[in-house]
Amino acid sequence: MLGGAGILLGVAAVPAQAAEVSYKTECVPPAISGMDPVQGTTQVEITAPAEAKVGDEVQITWKFVKAASKNPDIIDLEKDTVQPTGTLKAGGAQTGDIAMEGPRQNPAIPKNSDMKLSDMKGTLKLTAAGEVTLTPDAYNVNVNKPVSADTKCTPTEAVKSAATIKVSGGDSGGTTGGLPTGVPPVPTEVPTELPTGGTPPSSPSSPSESATGGDGGSGGSDSGGSGGGQTAFTGKEVEIPYECKTPIGDKSATSPVQIDAKKDGGNFGLTVQFKKSVMDSPADIPADSVKPSMEVALGGADKGTVRVEGPTNPEPIKSGDPIEIPNLTGTYKPGADGESTLSPGVLTVEALGTTTTCTPAKSEVSLTLDTSSQPGGSAGGAGTSGAGPASSGGGLADTGSDDNGLLQALGLLAGTTILLGGAVFTFMPRGRMR
């Protein structure tokens with residue numbers, strides 16, 4: 001594949017021609033968006049010399065005239081954040097791929113307005129006499145803020161050539177393959193051991209470790225309060241079906257969650273873990289951009305909720321690296337005497353100015369504790385969040401191929417990757433791009 005617009009030395013100064021072509025297109029948003037491929041029509045104008053000689057290096061321009069695309073009514077795109085790249089096919093007397101690239105130059109693009117892509121340029125060194133045709137092919141749209149995300153668009157029908165260069169001189173009976181068609185080798189090795197960030201699922205404590213028993217539905221270690229001097233209590237891993245409200249619509253997924261507790265006087269320090277595997281990031285995520293929290297639901301003797309929080313991601317997450325939900329921590333101050341149950345509750349994820357809220361479709365108890373009422377305890381009100389450090393651990397749920405895990409349902413990047421990668425190029429019939 002030839003280089004882009006950077007190779008300018010020796011470009012032939014010959015009369016130019018411009019011609020337009022339209023073709024049906026399928027654009028695939030980033031995988032994290034959960035969006036299906038979208039269909040539309042692309043119309044481009046190709047400018048190239050009408051005539052040239054063998055040995056000339058000619059410059060070609062690809063201008064986006066019309067595409068069925070708008071910036072949806074979700075997020076404003078900043079100035080100079082959108083960049084197109086693509087491939088132009090050379091055919092006829094000379095065949096090969098021409099790499100096209102446009103600068104990252106665009107005006108600010110408000111929500112629900114036409115997309116504006118820069119002109120792409122590339123160069124072609126002519127190696128054979130005859131007619132060389134130029135045909136648009138696949139292209140990619142990258143948005144780099146707040147995170148980098150790509151939407152890949154490919155033709156779904158045979159595309160007509162948009163321009164033809166009449167090449168004179170040289171031996172027309174010689175080689176016709178003047179463009180290198182090979183691609184450089186890519187690494188084939190992948191890491192065999194990826195960190196999952198998860199903590200191996202803990203089994204419920206044995207009856208000897210619990211002051212009170214209980215069946216499988218009442219949690220793991222369900223002793224607490226004044227019984228036996230025990231201070232650490234391990235909850236049961238429970239499958240929680242979440243219904244999520246995201247900036248791109250409703251999502252659903254099931255996630256294994258476990259609540260553990262550590263007694264401190266009459267209070268309990270809570271740790272909520274999301275179990276099993278992690279999901280790889282589909283885009284670069286800046287540091288301190290994603291923060292999760294949950295309202296743990298109280299039942300049994302006590303009533304109300306306890307807020308637990310996790311830290312924001314301390315370091316940037318590179319595309320392809322695992323994404324993890326850290327442990328969520330907080331302090332439970334009981335408001336009643338007796339057996340109190342703790343169940344995973346409403347989960348909230350804030351990411352780069354967007355909020356996704358996930359509500360359990362059904363409740364299931366992870367932990368039961370013997371509690372003694374404390375001054376200012378819950379008993380029907382919202383508890384306070386512990387401000388202590390939350391250790392990293394626990395992964396996003398692996399919920400199977402049907403829902404691609406809780407990350408996709410949460411849409412952690414709904415306001416960023418989904419919007420900038422998927423929605424930026426969500427094709428709508430007769431939408432226009434200038």
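Residues numbered from 1 in each chain as written. Predicted model: local features only at pLDDT ≥ 70, side-chain atom pairs only at ≥ 80, totals over all residues. Heavy atoms only, no water.

S.K.: Help me understand the overall build of the protein chain in this model?
M.R.: When its secondary structure is counted, the protein chain shows two helices and 26 strands. Residue burial in the protein chain is summarised as follows: out of 434 residues, 47% are buried. Summarising the internal contacts of the protein chain: among those between residues at least 6 apart in sequence, 76% fall at separations of at least 24. Total accessible area on the protein chain stands at roughly 18900 Å², and carbon and sulfur atoms take up 51% of it. (Helix = DSSP H or I, 4+ residues; strand = E, 2+ residues; numbered from the N terminus. Buried < 20%, exposed > 50% of the residue type's maximum accessible area, 1.4 Å probe, protein only. Contact = heavy atoms within 4.5 Å. Areas by Shrake-Rupley, 256 points an atom, 1.4 Å probe, with all protein chains shown as cover.)

S.K.: How do you make sense of unusual backbone geometry when you look at a structure like this?
M.R.: Even without a glycine there, the phi angle at Asp80 is positive, about 60°. Mapped onto the fold, Asp80 is located in the loop between strand E5 (70-71) and strand E6 (82-92). You can call Asp80 partly exposed: its relative accessible area is 29%. Here Asp288, not a glycine, exhibits a phi torsion of approximately 55°, which is positive. Inspection of the secondary structure puts Asp288 in the loop between strand E17 (279-280) and strand E18 (290-300).

S.K.: I would appreciate a short explanation of the environment of Gln273 in the present structure.
M.R.: Positionally, Gln273 belongs in strand E16 (residues 267-274). Here the side chain of Gln273 touches Asp260 through a polar contact of 2.9 Å, side chain to side chain. (Polar contact = N/O pair within 3.5 Å; in protein donor to acceptor, adjacent residues only side chain to side chain.)

S.K.: What's the story with the packing of aromatic side chains in this structure? I'm lost.
M.R.: In this description, an aromatic ring pair is defined by two values, namely the gap between the centres and the angle between the planes. Under the defined criterion, the tally for this structure stands at five aromatic pairs. Between Phe64 and Tyr139, the aromatic rings sit 5.2 Å apart at their centres with planes inclined by 70°, giving edge-to-face as the arrangement. With Phe64 in strand E4 (residues 57-67) and Tyr139 in strand E10 (residues 130-143), the pair connects residues that are 75 residues apart, well separated along the chain. Of the two residues, Phe64 and Tyr139, both sit in the buried class. Aromatic rings pair up to connect Trp62, Phe64 and Tyr139 into one cluster. (Phe/Tyr/Trp six-rings, centres within 6.5 Å; stacked < 30°, edge-to-face > 60°.)

S.K.: In this structure, what is going on with the confidence of the model for the protein chain? I would like to understand it.
M.R.: In low-pLDDT segments, the atomic positions of the prediction should not be examined closely. Chain-level statistics for the protein chain give a pLDDT mean of 73 and a share of 63% at 70 or above. Here helix H2 (residues 414-422) stands out as the least confident element of the protein chain, with mean pLDDT 36; strand E22 (residues 338-343) is the most confident, with 96. Segment residues 1-13 is flagged for pLDDT under 50; beyond a separation of four residues in sequence, or across chains, it makes 33 contacts in the model. With pLDDT under 50 throughout, residues 381-434 is counted as low confidence; its partners more than four residues away or in other chains account for 219 contacts. (pLDDT = per-residue confidence, 0-100.)

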